[in-house]
Structures are given as C-alpha cells and as structure tokens.
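Each chain is listed here by its residues.
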Amino acid sequence: MTHHPIQIEPPDITPYRHGNTRVDYVHVFDSGRPGPNVMLQALTHGNEFCGAIALDTLFREKVRPRAGRITLAFANVAAYERFDFDNPDRSRFIDEDYNRVWGDDVLLGPRDSAELRRARVLRPFVDAADLLLDVHSMHEPCRPIMVCGKSEKSVVLSHRIGAPADLLLDTGHPAGLRMIERGDFNDPQSAKAAVLIECGQHWEAGAAEVALDTALRFLKASGAVDAAWADSRLRLEPPAQQRLIRVTEPVVAKTMQFRFARDFGGLEVLPAMGTLVATDGDTQWRTPYDDCVMVMPSMAHLKPGTTMVRLGRYA
C-alpha cells in the first residue's frame, strides 16, 4: 500500500502511561497558584504522532506551570499502539473517529466503542480545561492550519498564539461533534476556548516542528509558563500575518461514487465561481464564488457522510 514518506519516528510513550491522575497517559501539573487550567492533547488519531513528539519533548523539558495547571494527555493510545509503517492509515482509530463523539447525545448515550470508552474517561479533563490545544496532522501535504471550530473567541486565541499563518473558522462535521466544539468551548458567553492545529502532512519532518512550536506558543499565550522559558525553545519564525478562512459549506460524500474533478492542493484557491469541484452520482459540487479556498481535500476516508473538503474564502 502506497502512502506518503514517513520522515519521523513514533516516540515511545510508555514511560508516560502511569501519571498522577489514575488515568493512563494523562498527567496534570498543578502550580498551586491561581491561573488557567491549560490542556494539550496528542494522538486524537493514532497515526498523527507529531503531537506525541511535542508532548514527549515537553515532558523531557520538565514543563511546569508558573500559575494554574497544565494537563498533558495522549488520547487514542490503543490506535497508536498498532501503528504499522506498511499501513500507517490503519491506526487512525480502532472502531470510530475519536474526534466525532463529543456531543452529549453520543458521549453520554448507550453506544459503545473503543474511542467512546477513551473519550468518556478523558471527558472530566476536557470539561475542566479553560484553554485547550488539540494537536493533529493531515493526510495530504498542506501548510499548517489552525482550526478554530465555529467560535470567534478561538480566533482571538489563535491570534494570541501568533501562528500559523492560516486560521480556519468552519461549520463543523455532520458526522459528529469535535472536542474543540464541546460545551463551553462553543459558548460565546464562556471564557473557555479551544483550538485544533493541523501541523502539516502526517509524517513529514516539518509537522513535528510545527507541533512543538505551536505547543510552546500556546503555553506562552495562556500564561501557563514563563515567556522566556517558551521563547528559548522556539525554533520557527512566526508568520508576518495571519489570515482567516471562513468556511461557507462542507462538501460531504453521499455515496462511494464521490470523485474530485481533479487533484486539488490543500488551501488551493480556485479563482472562478462555478468551477467544478466534485461529482457524486448525479450531484455536482461547484465553487459558489470567486477565489474559493479548498480546505483539506482528501479521498483518504471516503464513505457516505464524510466531509471530503470544505469550501471557504479569506476574510
């Protein structure tokens, strides 16, 4: 099975299994002083291990909060443990996508899966977090994207972080609620905020660099660590400016006959309104306006109900 080159090594996270929370692979560091509860999560998907590299580095650097608490969590460890260099996409999840189960109707409902069991165990930590960074990567090559969910306050948090250059305000996924959209994170009246960083293609070396850079900038922006401590460990220059993409509609597969009109690059801008994007049986998807941005187009996880690409425009 062909796949993109794997340029980074999945780290050994077994030293972090037993933390101080009675939940495997979840650690909470408490300063004993008032401040935000800041959470960083890696391995939402088991084959997206750039975040695990970032958390491993933070552990090795002995990250500790100057105020409040820092929670470090490895999420879908069961999927990660079956990572196979010959078939790396197989370890995305065990039973279902861990990042589509965060609505109370699912999380507190009767369904069962490996991902739901893990999410239910991590829910108290997620719900307790004031600020949350969920570290991801992408199946296809693309420059980094900060996903702000549907929340304007997450855009504000992204500007405080200062990277990457492209920010995304989108419409969610029909297949289920993401963690960054859960509860107070999506409530405009709450001060809580969450963002999701897409660091680049899953296994390119640059993805690990972006993951650590974003984690450090997030900790600095939250006030959880001393700015000098974070700055001394940064290796990437921040972008000259950040631009916001507002998604207007998701392109969701109806059948297994969904096909893109051609190969599209991530964040490719299609200049002319009416350009054919994809077909799905008798359905045609065309750009609804000029300068339409193709956000994370991919055929990797085709099935009915899956978002294949989002259509957006720069604000």
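The rules behind the values
Residues numbered from 1 in each chain as written. Predicted model: local features only at pLDDT ≥ 70, side-chain atom pairs only at ≥ 80, totals over all residues. Heavy atoms only, no water. Core = buried A, V, L, I, M, F, W, Y, C linked by side-chain atoms within 4.5 Å. Buried < 20%, exposed > 50% of the residue type's maximum accessible area, 1.4 Å probe, protein only. Helix = DSSP H or I, 4+ residues; strand = E, 2+ residues; numbered from the N terminus. Contact = heavy atoms within 4.5 Å. Salt bridge = Lys/Arg side-chain N within 4 Å of Asp/Glu carboxyl O. Pairing = 2+ DSSP bridges. Polar contact = N/O pair within 3.5 Å; in protein donor to acceptor, adjacent residues only side chain to side chain. Axes fitted to C-alpha atoms, helices over the stretch in contact; angles between N-to-C directions. Parallel < 35°, antiparallel > 145°, perpendicular 65-115°, else oblique. Left-handed = near helix turned anticlockwise from the far one by under 90°. Nonpolar A, V, L, I, M, F, W, Y, C, P; charged D, E, K, R; others polar. Disulfide = S-S within 2.5 Å.

### Here we look at the nonpolar core
- In terms of nonpolar packing, the biggest core is built from 54 residues, with Ile13, Leu40, Phe49, Leu58, Leu72, Phe74 and Leu219 touching the most fellow members.
- Ranked by the residues each element gives to this core, the list is headed by helix 6 (residues 205-222), at nine residues.
- Apart from residues no more than four positions distant in its own chain, Phe49 is found in contact with Ile6, Ile8, Glu9, Pro10, Pro11, Leu43, Tyr80, Phe83 and Trp203.
- The next biggest cluster of nonpolar side chains, apart from the first, holds 35 residues, and it includes Val28, Leu122, Leu132 and Val147.

### As for the pattern of salt bridges
- Scanning all chains against the criterion turns up 20 salt bridges.
- Between Arg100 and Asp97 there is a salt bridge; the shortest N-O distance is 3.9 Å. Grouping residues by exposure puts Arg100 and Asp97 together as buried.
- Residue Arg217 is joined to Asp213 by a salt bridge in which the shortest nitrogen-to-oxygen separation is 2.8 Å. Taken together, the residues Arg217 and Asp213, both in helix 6 and four residues apart, mark about one turn of the helix. As far as burial versus exposure is concerned, Arg217 and Asp213 are alike and both buried.
- Put simply, Glu48, Arg92, Asp97 and Arg100 are held in one network by salt bridges that share partners.

### Considerations on the sheet that holds strand 11 (residues 276-280)
- The strand order across the open sheet built from three strands is 9-11-12, with neighbouring strands paired in antiparallel fashion. With partners counted over all chains shown, the strands left at the sheet margins are strand 9 (259-260) and strand 12 (283-286), one partner each.
- Alignment of strand 9 against strand 11, held across two bridges, turns out to be antiparallel. When the bridges of strand 11 are listed, Phe260 appears paired with Ala278.

### Digging into the side chain of Gln242
- Within the fold, Gln242 resides in the loop between helix 7 (227-231) and strand 8 (243-252).
- Looking at Gln242, the relative accessible area reads 18%, which means it is buried.
- Side-chain polar atoms of Gln242 contact the side chain of His159, separated by 3.0 Å.
- Polar side-chain contacts of Gln242 include one of 2.9 Å to the backbone oxygen of Pro164.
- Ignoring any residue separated from it by four or fewer positions in sequence, one finds Gln242 in contact with Ser158, His159, Gly162, Ala163, Pro164, Ala165 and Leu167.

### Description of the packing of helix 1 (residues 50-60) against helix 6
- The interhelical angle for the contact between helix 1 and helix 6, taken along N-to-C directions, is 50°, at an axis separation of 8 Å. Here helix 1 is positioned oblique relative to helix 6, judged by the angle of their axes. In this structure, the crossing between helix 1 and helix 6 has a hand that is right-handed. The segment helix 1 lies against helix 6, with Cys50, Gly51, Ile53, Ala54, Thr57 and Leu58 engaging Ala207, Ala208, Ala211, Leu212, Ala215, Leu216 and Leu219.
- For the contact of helix 1 with helix 6, the residue count by class is eleven nonpolar, two polar and no charged.

### Some remarks on the state of the cysteines
- Taken as a whole, this structure holds zero disulfides when the rule is applied.
- Summary of cysteine pairing: Cys50 is not part of a disulfide, and the nearest cysteine sulfur, belonging to Cys199, is at 4.0 Å.
- Here Cys142 stays unpaired: no disulfide links it, and the sulfur of Cys199, its closest cysteine neighbor, is 12 Å away.

### Observations concerning the sheet that holds strand 4 (residues 131-138)
- Taken in spatial order, the eleven strands make up an open sheet running 1-3-2-4-7-5-6-8-14-13-10, and their pairing is mixed. Both outer strands of the open sheet, strand 1 (26-30) and strand 10 (268-270), are each paired with one neighbouring strand and no more. Neighbour-to-neighbour, the strand axes of the sheet open up by a mean angle of 25°, direction not taken into account.
- Both strand 6 (residues 166-169) and strand 8 contribute to a ladder of four bridges, which runs parallel. In the strand pairing of strand 8, Leu167 is matched with Leu244.

### As for the environment of Ala261
- Structurally, Ala261 can be placed in the loop between strand 9 and strand 10.
- The sequence separation of Ala261 and Met294 amounts to 33 residues, and the corresponding C-alpha distance is 13 Å.
- With residues near it in sequence (within four places) discarded, Ala261 still touches Leu276, Val277 and Ala278.

Nothing here speaks to function; it is geometry throughout.
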